[in-house]
Amino acid sequence: MNYFKDKETFKKKFKNRVEMTYAIPFEKSNSYQQYVALGELVKEYIAYDWIETNNKVSDKRQVYYFSMEFLMGRMITNNLMNAGLYDVTKEAFEDLGLDINEIEHMESDAGLGNGGLGRLAACFLDSAAALKMPVHGNCIRYRYGFFKQSIENGYQVEYPDHWLKDIHVWEVRRQEESVEVPFYGHIEIEVDSNGKLRVNHKNAEYVKAVPYDVPIIGYNNGVVNTLRLWNTEPSDKYHNMGGTFEYHKKLRQISEMLYPNDDTDEGKILRLKQQYLFSAAGVNAILRKHKAEFGTLKNLDKYAVFHINDTHPTLIIPELMRVLVDEERFEWEDAWKITKNCVAYTNHTILAEALEKWPIRLFQPLLPRIYTITEEIHRRFEIEVKEKYGEHASEVYEMSILKDGQIHMANLAIVGSFSVNGVAALHTDILKSITMKTFNDFYPHKFNNKTNGITHRRWLLQSNPELVSLLNDTIGSDWIRKPEQLEKVLKYKDDKNFKKRYEDMKLARKTHLAGMIERQIGVKLDPHSIFDIHVKRLHEYKRQLMNALHIMYLYNELKENPELRRNFHPQSFIFGAKSAPTYYFAKKIIKLINTIQDKVNNDPEISKFIKVAFVEDYNVTYAESIMPAADISEQISTASKEASGTGNMKFMMNGAITLGTMDGANVEIHDLVGKNNIIIFGLSAKEVTEFENNNNYNPMEIYNNNPKLRRVIDQLTNGFFEKVNKNEFEEIKKSLLERDQYFILKDFDSYKNAQAKANTAYQDRETWIEKTIINTAKSGFFSTDRTISEYNKDIWKLKELK
């Protein structure tokens, strides 16, 4: 029965479901109970489509997208919209006196990610389902998310993010598809009756991986793909392992939290367990299903692509080899050909220190058979490299999978895949010409670019109702399915009525965000001020510190130059960021920003002109209110360090002007909107690389010759911040003057001038609004609908589900 066919039918069924589930009169039910009932009804509504989609894809080429993160955010609104149920639900709730927004907020943000990596993966799933492509996710069902952030006395304090403490209404447990995953033990090799080697894994410690499936609903098209989350439970072989408390504790840890601290050997082993568990469980479940369908794995590469999102799932490669060689008895060469033709790899970093490496001394005992297979992959590849370059060529060392007592996961991912892609044009160029040049020379056709994207259905359709209304009234609603049609608004950039409504939209979104911030942290922002927003994972290369130093500089200038205030438009600097719990320096930057916030906001003279707000616990749900409210989008990473970025795209889509370096996808934004509709500053990637290679950058020289910047740096430790110890920020000052690894001092004046340019430009309201409209119009390029289509054309080659 279609419970959503009309408002009256839905109201009756909804009330009945609440009462039958909780055995209470509907009038006494609370918002959480109403949320659960709604979620169950939506899941029932799409169940037949889910079944039908699974039936349709059984004999088609499919993509299995493996990622340690899927930052899904709340799913209730997205699912209602994609299933075409939002309007009837909203109308029914209004009749019942219920607030749909309040009920939506009963859902926790799924704690399956931390930053751009996980958000990209989530956007990919949304777009793939919308485009009727069979793409399914694989991840771990973490009981705890990254962490809940609280700011206490200016410091970040972490609390557990127990997002699964209540019902996760969307998931379906698939006990019957569980997989036993082995750790430790040892390998014994024997010769069978046919004279072939047989490998046996003895005395292993098994963990059972149990899948929980989550539906990914396509936009009004009847397609429902799957995100599979793996949970760890005691093995069915448990009686052979002593039944110890220690065993239970260790198996629970595997699916307990995202990114456990790996500063210790114990932490490194836990991360390796996580990576192997979801890789091995996913591979074995997929191969089991494939063999049941076709009776063989010889055609696996014709029907499956295992896509590795960053290096965390790289163990897919040796695990595929293990199954094909050890269990299916394939010859090595045949198994290797199938494996290489099945696996594609997306690289997300050019920072050498961020490329994953694992100590062999930990890897080998934990995964004995996987290690011997990796060792053999390394041995055979090394022979190929020596044949091409010579026995003692530098390339032999540079391209080694095993070296210096470590396993280099990116090298393994490149060698074991048929495609390697970067995530922005600049990023891919740097991969090919610098970071992985030797591999690109060796595999001249393997590397390609696929610029990241965002799902416009969440980041515009769901997040910005005023802009959606304006777009639909002006260019129609086809842009929801065809985001490139956003470009149609270009012809309205000079239309006074359109510009007025666009400006009203932005003010409405800023007013909404200002209310959220005041309720959360008590900082009152003026919606008519410039909303200058910097929301990202806290890392030195993202240069939140440079933004903070500029605010200190601006404070000094406004304090001492009353003339300056006449031509300065009030500006609100909004930050949102989490630091990794053990990243001491990043946490110091958070403390500095909050100390500046206290200083500036409590100065009655200066707070009329600038305000600072560091929002707590920045997440996907918060971002849905932040992105539409920005006037200025801070994208100020050191050139060459940011792979792509996706926050820049979300801001752009909602009409913010990018203030940034020529780094990551900022380059493509610049090319799309033109130099007059973006504010660029700072060193180029080439200049940064030259400084690094020549080792000729001297931050002390800048400090000594720039009195205004010197004053700001000295204020870090001279008592300028009366409420903190003078030595609180000594490490920050020392870092800037001794190494300034990310060229903050070098870029400071250029950044300062860019900020002044933005403030002046904002005051020419007609021209500024025209610039923002151009940004929205050009943002359709960054929809993951386009990105997924490019992946499909060049890499996956899937057929649309009919």
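As the structure is a prediction and not an experimental result, all values here were calculated from the model.

## A short note on the overall build of the protein chain
Looking only at helices and strands, the protein chain has 34 helices and 23 strands in total. For a compact globule of 802 residues, the expected C-alpha radius of gyration is about 28 Å, and the protein chain comes in at 27 Å, within 12% of that figure. Dimensions of the protein chain along its principal axes, counting C-alpha atoms only, are 95 × 75 × 55 Å. For the protein chain, the accessible area works out to roughly 31100 Å², and carbon and sulfur atoms hold 48% of it. The averaged location of the 112 negative side-chain charges in the protein chain is 2 Å from the averaged location of its 108 positive side-chain charges.

## Here we look at the pairing of strand E7 (residues 186-191)
Bridge count for E7 against strand E8 (residues 197-202) is six bridges, and the pairing is antiparallel. Note that in E8 the partner of Ile-187 across the bridge is His-201.

## Concerning the packing of helix H1 (residues 7-22) against helix H5 (residues 86-96)
Where H1 meets H5, the axes come as close as 9 Å, and the angle between the chain directions of the two elements is 65°. Viewed along their axes, H1 and H5 adopt a mutual orientation that is roughly perpendicular. Crossing hand, H1 versus H5: right-handed. Residues Lys-7, Glu-8, Phe-10, Lys-11, Phe-14 and Lys-15 of H1 lie in contact with H5, whose contacting residues are Val-88, Thr-89, Glu-91, Ala-92, Phe-93, Asp-95 and Leu-96. Here the contact of H1 with H5 is composed, by residue class, of six nonpolar, one polar and six charged.

## Here we look at the side chain of Thr-717
In this structure, Thr-717 sits in the loop between helix H30 (707-715) and helix H31 (730-738). What makes Thr-717 buried here is its relative accessible area of 15%. Within the structure, the side chain of Thr-717 is placed 3.4 Å from the side chain of Lys-733, a separation counted as a polar contact. Not counting the four nearest positions on each side in its chain, Thr-717 is found in contact with Lys-726, Phe-729, Glu-730 and Lys-733.

## As for the sheet that holds strand E14 (residues 402-403)
Taking strand neighbours across the sheet as the criterion, the three strands line up as E13-E15-E14 in an open arrangement whose pairing is antiparallel. The sheet is open, and its two edges are formed by strand E13 (357-359) and E14, each paired on a single side. In the sheet, E14 pairs with strand E15 (residues 406-408) via two bridges, with the strands oriented antiparallel. Looking at E15, one finds that Leu-402 is bridged to Ile-407.

## With respect to a nonpolar patch on the surface
Taken together, the side chains of Ile-189, Val-191 and Leu-197 present a nonpolar region at the surface, about 330 Å² in accessible area. Structurally, Ile-189 can be placed in strand E7. Taking the relative accessible area as the measure of exposure, Ile-189 reaches 57% and is therefore exposed.

## Some remarks on the nonpolar core
One broad rule of soluble globular proteins: the nonpolar side chains tend to lie buried together. Grouped together as the largest cluster of nonpolar side chains are 266 residues, with contacts concentrated most on Phe-14, Phe-306, Ile-610 and Trp-796. Take this core: its biggest share by element is 12 residues, from helix H9 (residues 265-294). Among all residues touching Ile-610, those that are not within four sequence positions of it are Ile-551, Leu-554, Tyr-555, Leu-558, Phe-568, Gln-571, Phe-573 and Val-600.

## As for the pattern of salt bridges
Inspection of every chain in the model, using the stated rule, returns 65 salt bridges. The salt bridge partner of Glu-177 is Arg-228, with a shortest N-O separation of 2.9 Å. In this pair, Glu-177 is assigned in the loop between strand E5 (172-173) and strand E6 (179-183) and Arg-228 in strand E10 (residues 224-234), connecting sequence segments 51 residues apart. The exposure class of Arg-228 is buried, given its relative accessible area of 12%. Notably, a salt bridge pairs Lys-510 with Asp-631, separated by 2.7 Å at the nearest N-O pair. Residue Lys-510 is found in helix H21 (residues 496-521), and its partner Asp-631 is found in the loop between helix H25 (620-626) and strand E21 (632-635); the two are separated by 121 residues along the sequence. For Lys-510, a relative accessible area of 2% translates into the label buried. On the basis of relative accessibility, which here comes to 3%, the residue Asp-631 falls in the buried class.

## A few points about the sheet that holds strand E19 (residues 571-576)
Note: strands within a sheet are paired through backbone hydrogen bonds, in either parallel or antiparallel orientation. Across the sheet, six strands lie side by side as E20-E19-E18-E21-E22-E23; this open sheet has parallel pairing. The open sheet is flanked by strand E20 (610-615) and strand E23 (679-680), the only strands paired with a single partner. The pairing of strand E18 (residues 530-535) with E21 spans two bridges and is classified as parallel. When the sheet's bridge partners are listed, Asp-532 is paired in E21 with Ile-632. The strands touched by helix H24 (residues 584-601) are E19 and E20; relative to E20, the strand with the most contacts, the crossing angle is about 140°.

## Some words on the packing of aromatic side chains
Overall, the coordinates contain 36 aromatic pairs when judged by the stated rule. Ring centres 4.9 Å apart and planes at 70° place the aromatic pair Phe-720 and Phe-721 in the edge-to-face group. Judged on exposure class, the residue Phe-720 and its partner Phe-721 are both buried. Members of the aromatic cluster, connected to one another through ring pairs, are Phe-4, Phe-10, Phe-14, Phe-26, Tyr-45 and Phe-93. Positioned above the aromatic ring of Trp-50, the side-chain terminus of Arg-174 is 5.6 Å from the ring centre. Taking NZ or CZ as reference, Lys-578 lies 5.1 Å from the ring centre of Phe-147, over its face.

So, how was this worked out
- Residues numbered from 1 in each chain as written.
- Predicted model: local features only at pLDDT ≥ 70, side-chain atom pairs only at ≥ 80, totals over all residues.
- Heavy atoms only, no water.
- Helix = DSSP H or I, 4+ residues; strand = E, 2+ residues; numbered from the N terminus.
- Rg over C-alpha atoms; globule rule 2.2 N^0.38 Å.
- Areas by Shrake-Rupley, 256 points an atom, 1.4 Å probe, with all protein chains shown as cover.
- Lys, Arg positive; Asp, Glu negative; His and termini not counted.
- Charge placed at Lys NZ, Arg CZ, Asp CG, Glu CD.
- Pairing = 2+ DSSP bridges.
- Axes fitted to C-alpha atoms, helices over the stretch in contact; angles between N-to-C directions.
- Parallel < 35°, antiparallel > 145°, perpendicular 65-115°, else oblique.
- Left-handed = near helix turned anticlockwise from the far one by under 90°.
- Contact = heavy atoms within 4.5 Å.
- Nonpolar A, V, L, I, M, F, W, Y, C, P; charged D, E, K, R; others polar.
- Buried < 20%, exposed > 50% of the residue type's maximum accessible area, 1.4 Å probe, protein only.
- Polar contact = N/O pair within 3.5 Å; in protein donor to acceptor, adjacent residues only side chain to side chain.
- Patch = residues over 30% accessible without salt bridge, like charges linked within 9 Å, V, L, I, M, F, W, Y side chains within 5 Å.
- Salt bridge = Lys/Arg side-chain N within 4 Å of Asp/Glu carboxyl O.
- Core = buried A, V, L, I, M, F, W, Y, C linked by side-chain atoms within 4.5 Å.
- Phe/Tyr/Trp six-rings, centres within 6.5 Å; stacked < 30°, edge-to-face > 60°.
- Lys NZ or Arg CZ within 6 Å of the ring centre and 35° of its normal.

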